Amino acid sequence: MAGPKPVTEGPTLSELVAAISQTEAQLRMGGGAEAIERQHAKGRLTARERISRLIDPGTNFWELGLWAGWGMYEEWGGAPAAGVVCGIGKIAGRRYMIIANDATVKAGAFFPMTTKKVLRCQRIAFQNRLPLVYLVDSAGVFLPLQEDVFPDEDDFGRIFRNNAVLSAAGIGQTAAIMGNCVAGGGYLPVLCDKLLMTEGRGLYLAGPALVRSAIGQQASSEELGGAAMHAQISGTIDYREPNDEACLERLRRLAALCAPDPAAPPPPFVRHASQPPQREPAELLRLVSPNPRRDYEIRDVLACLVDAGSFDEYKAEYGQSVVCGTARIGGFPVGIVANQHHMVRPADGPLQFGGVLYVDSAEKAARFVMNCNQDWLPLVFFQDVNGFMVGRDSERAGIIKAGAKLVNAISNSRVPKITLIMGGSFGAGNYALCGKAFDPRLILAWPTARCAVMGAEQATSTLLEITLKSLERQGQQVEPSRLEELRQRVRTAYEQQMDVRYAAARGWVDRIVDPAQTREELIQALEIATRHAQDEPFKLGVFQV
């Protein structure tokens, strides 16, 4: 009789990080070397060159949504980074959200994921009160996919609605037209507080060919919407610049008129002196295995991330499959909710599996989240969750009711929430540990992150059964020899959808991060998330008891 199959280890965490880094370097090339040369031949800088000259020297650009559109739109030649470069950088000492169309990718046209990415960054800017700079160089909607870009509440028009709402909220927006700006896309810069435009660019609702077709009028691009016309006749633009370099310099001067960000977060948030962690962050590369079957101790992970000596665990002996506690990360006081990843033994009852939410752990986490809201502590969620415990005993104990308490508390939280997906993010566990649907201000993920309704093994069996029944209804019989082939095909397809790159391509996470850099990433996220507090009381609706 054959024994159990050996566990296949696969690549190490360091190897996964290296592979992610290599692909990210390719994504930053946008449309490729030839497309970059074409941009230069027009006397224009690329989106990334513009950003590097705009931000303060020696500072970093914290890019968001780099993987957007990865593996998508292949029938159209692909859309690296969804054709738009977004992220947070410092200009004249102040943090800005920067959104720059990448004209090396389909002339900066808007694909469906382009819109989703811009909307996500506008949301982050709104939640964290970040002023915005738009570097506009876009041909407008990608027409072959217009039905998925144009009309809905989360489509192209929502960007312009957000422009108006951001301005009304007092969040500064500056736009620089540095390339094409046509059709409906022209509303974005004109809805901003300040508008710059470089020579030789066009801003109009309809270009020369469309005007000729629609009304028979002959007009050049410059006559319709050149920089001189808008500066001298329509009065639409505020500043006319000769080239990219002059435009970027003007943007820096305008940014310098605003006060720089304060060194400390505003009340009710505080930041104490930062202390190094107890363990080196690089140890995470060996503490956590990419193989989800390998156990680890979440407290060891936290020791690599939080300031040494700052962690106070909450209800340490109760609901042990979730570890909760207060700590400091880079001096920021935070509340931590993290999945344990090995079996635990409660004082009463059977052993509990790591990565699973039980009645006691869900209720503990819900109570802890409420405490953090009372104390104005930002919440950091460390996800490696398989979901909630199932079965007769769990249902009778009220697992759905306990989960609803946690979901309720997180949904109504007023404090900033940051989510790090380390491993599994499955089913209702994704919801209960603050997945994207629950408004985390920022979502980070390790290369080992996996996001789906359920794990691959369970899903493969379920999907295979559905497929077989469908074939039977069609009068087709699957030969036993083909069954394993079909199973493998179903599993492969599902595992591709669980891949963190698949999630990042669709905007479910904002950044894929190197585990060894997690502490610095969280500090950066906390610096952003503590810029603004929701000035409203903590309220809960009907609460299951």
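Within every chain, residues take consecutive numbers counted from 1 along the sequence as written. Reporting of local features is limited, given that this is a predicted model, to residues whose pLDDT is at least 70; pairs of side-chain atoms are given and counted only at 80 or more, and all residues count toward the totals for whole chains, interfaces and linings. Derived side-chain values reflect all non-hydrogen atoms in the structure, with water molecules and hydrogen atoms excluded from consideration.

## Section: the pattern of salt bridges
Right, so step 1: The salt bridge definition used is simple: a Lys or Arg side-chain nitrogen within 4 Å of an Asp or Glu carboxyl oxygen. Across all of its chains, the model carries 26 salt bridges by this definition.
Right, so step 2: The salt bridge involving glutamate 283 is made with arginine 279; its shortest N-O contact spans 2.8 Å.
Right, so step 3: Relative accessible area serves as the criterion here: at 22%, arginine 279 is assigned to the partly exposed category.
Right, so step 4: Each of Arg44, Arg50, Asp137, Arg201 and Asp244 takes part in salt bridges that share partners, so that together they form one network. Relative accessibility under 20% of the residue-type maximum defines a buried residue, over 50% an exposed one, and the middle range a partly exposed one, all with a 1.4 Å probe and only protein chains included.

## Observations regarding unusual backbone geometry
Right, so step 1: Put simply, proline 267 and proline 268 share a cis peptide bond, and its omega is 10°.
Right, so step 2: You will see that lysine 315, though not glycine, has its phi angle at about 45°, which is positive.
Right, so step 3: Helix numbering and strand numbering both begin at the N terminus, where a helix is a DSSP run of H or I of at least 4 residues and a strand a DSSP run of E of at least 2. Tracing the sequence through the fold places lysine 315 in the loop between β9 (312-314) and β10 (322-329).
Right, so step 4: When its relative accessible area of 40% is taken as the criterion, lysine 315 is described as partly exposed.

## Some words on the pairing of strand β5 (residues 173-182)
Right, so step 1: Most of β5 is tucked away: 9 of the 10 residues are buried.
Right, so step 2: Note that strand β4 (residues 132-138) and β5 share 6 bridges and pair parallel. Bridging across to β5, leucine 135 finds its partner in alanine 176.
Right, so step 3: Orient the strands so they point away from the viewer, and a crossover whose first-strand-to-second-strand path over the helix runs clockwise is right-handed. You can see the chain leave β4, run along helix α5 (residues 156-168) and come back into β5, and the turn it takes is right-handed.
Right, so step 4: Any two strands are treated as partners once DSSP identifies two or more bridges connecting them. Bridge count for β5 against strand β7 (residues 202-204) is 3 bridges, and the pairing is parallel. When the bridges of β7 are listed, asparagine 180 appears paired with glycine 202.

## Considerations on helix α4 (residues 112-128)
Right, so step 1: Relative to the 24 Å expected for 17 residues at 1.5 Å per residue, α4 spans 25 Å between its end C-alpha atoms, a close match to the ideal helical length.
Right, so step 2: Arginine 129, located one to two residues past α4, shows a positive phi value of around 50°. In this analysis, the expected span of each helix is defined as 1.5 Å times one less than the number of residues it contains.

## What about the environment of threonine 419?
Right, so step 1: Relative to the helices and strands, threonine 419 resides in strand β15 (residues 417-426).
Right, so step 2: Under the relative-accessibility criterion, threonine 419 is labelled buried at 1%.
Right, so step 3: Here the alpha-carbon distance between threonine 419 and glutamine 127, two residues 292 residues apart in the chain, equals 15 Å.
Right, so step 4: Once residues lying within four places of it in the same chain are set aside, the contact partners of threonine 419 are Phe381, Gln383, Leu433, Cys434, Pro440, Leu442, Ile443 and Leu444. In what follows, residue pairs with any heavy atoms lying within 4.5 Å of each other are defined as contacts.

## Thoughts on a nonpolar patch on the surface
Right, so step 1: Each patch groups residues whose relative accessible area exceeds 30% and which form no salt bridge, using 9 Å between like charges and 5 Å between nonpolar side chains of Val, Leu, Ile, Met, Phe, Trp and Tyr. The Shrake-Rupley method, run with a 1.4 Å probe, gives the accessible areas here. Residue values count only the displayed protein chains as cover. The grouping of Tyr187, Leu191 and Leu205 at the surface amounts to a nonpolar patch, some 290 Å² of accessible area in total.
Right, so step 2: Position of tyrosine 187 relative to the elements: it lies in helix α6 (residues 187-190).

## Overview of the state of the cysteines
Right, so step 1: By disulfide we mean two sulfur atoms from cysteines, separated by a distance within 2.5 Å. According to the stated counting rule, one finds 0 disulfides in the structure shown.
Right, so step 2: Left unpaired, cysteine 86 is separated from the closest cysteine sulfur, that of cysteine 121, by 4.0 Å.
Right, so step 3: Sulfur of cysteine 192: no disulfide; nearest cysteine sulfur belongs to cysteine 181 and is 9.8 Å away.

## Focus on the confidence of the model for the protein
Right, so step 1: On a range of 0 to 100, pLDDT expresses the predictor's confidence in each residue. Mean pLDDT over the protein works out to 92, with 97% of the residues at or above the 70 mark.
Right, so step 2: In this model, residues 1-7 is a region of pLDDT below 50 whose contacts with residues beyond four sequence positions or in other chains number 3 contacts.

## Description of the packing of α4 against α5
Right, so step 1: Axis geometry follows a simple rule: fit a line to the C-alpha atoms, using only the stretch in contact for helices, then measure angles between N-to-C directions, giving values from 0 to 180 degrees. At their nearest, the axes of α4 and α5 sit 9 Å apart, and the two run at 15° to each other. When the axis of α4 is compared with that of α5, the two are roughly parallel. Every pair of crossing elements has a handedness; the one defined by α4 and α5 is left-handed. Judged by residue contacts, Thr115, Val118, Leu119, Gln122 and Phe126 of α4 engage Phe156, Arg158, Ile159, Asn162, Asn163, Val165 and Leu166 from α5. Convention used here: angles under 35 degrees read as roughly parallel, angles over 145 as roughly antiparallel, angles from 65 to 115 as roughly perpendicular, and any remaining angle as oblique. Handedness of a helix crossing follows the sense of rotation of the near helix relative to the far helix, less than a right angle counterclockwise being left-handed and clockwise being right-handed.

## As for the side chain of glutamine 524
Right, so step 1: Along the chain, the position of glutamine 524 falls in helix α20 (residues 518-529).
Right, so step 2: A distance of 3.2 Å separates the side chain of glutamine 524 from the side chain of arginine 95, its partner in a polar contact.
Right, so step 3: Setting aside residues no more than four positions away along its own chain, glutamine 524 makes contact with Trp62 and Arg95. For the purposes of these results, a polar contact is taken to be a pair of N or O atoms within 3.5 Å, where, inside protein, one atom must be able to donate a hydrogen and its partner to accept one; residues adjacent in sequence count only when each atom of the pair is a side-chain atom.

## Points about the packing of aromatic side chains
Right, so step 1: Working definition: rings of Phe, Tyr and Trp (its six-membered ring) pair if their centres are within 6.5 Å, and the pair is stacked with planes under 30 degrees apart, edge-to-face with planes over 60 apart, and tilted otherwise. Summed over the entire model, instances satisfying the criterion amount to 11 aromatic pairs.
Right, so step 2: Here tryptophan 67 and tryptophan 70 contribute two aromatic rings whose centre-to-centre distance is 5.8 Å and whose plane-to-plane angle is 70°, an arrangement assigned as edge-to-face.
Right, so step 3: Given the relative accessible area of 2%, tryptophan 67 is considered buried.
Right, so step 4: Taking the relative accessible area as the measure of exposure, tryptophan 70 reaches 28% and is therefore partly exposed.
Right, so step 5: Seen in terms of ring centroids, tyrosine 431 and phenylalanine 438 are 5.9 Å apart; in terms of plane orientation they differ by 45°. Their pairing is tilted.
Right, so step 6: Look at tyrosine 431 and you get partly exposed, because its relative accessible area is 44%.
Right, so step 7: Judged by relative accessible area, which is 14%, phenylalanine 438 ranks as buried.
Right, so step 8: Counting every residue linked through ring pairs, the aromatic cluster contains Tyr73, Trp76, Phe111 and Phe142.
Right, so step 9: Consider the ring centre and the ring normal. A charge sits over the ring if Lys NZ or Arg CZ is within 6 Å of that centre and within 35 degrees of that normal. If you follow arginine 129 out to its NZ or CZ, it ends over the ring of phenylalanine 126, 4.7 Å from the centre.
Right, so step 10: Against the face of tyrosine 502 rests arginine 506, its NZ or CZ located 3.5 Å from the ring centre.

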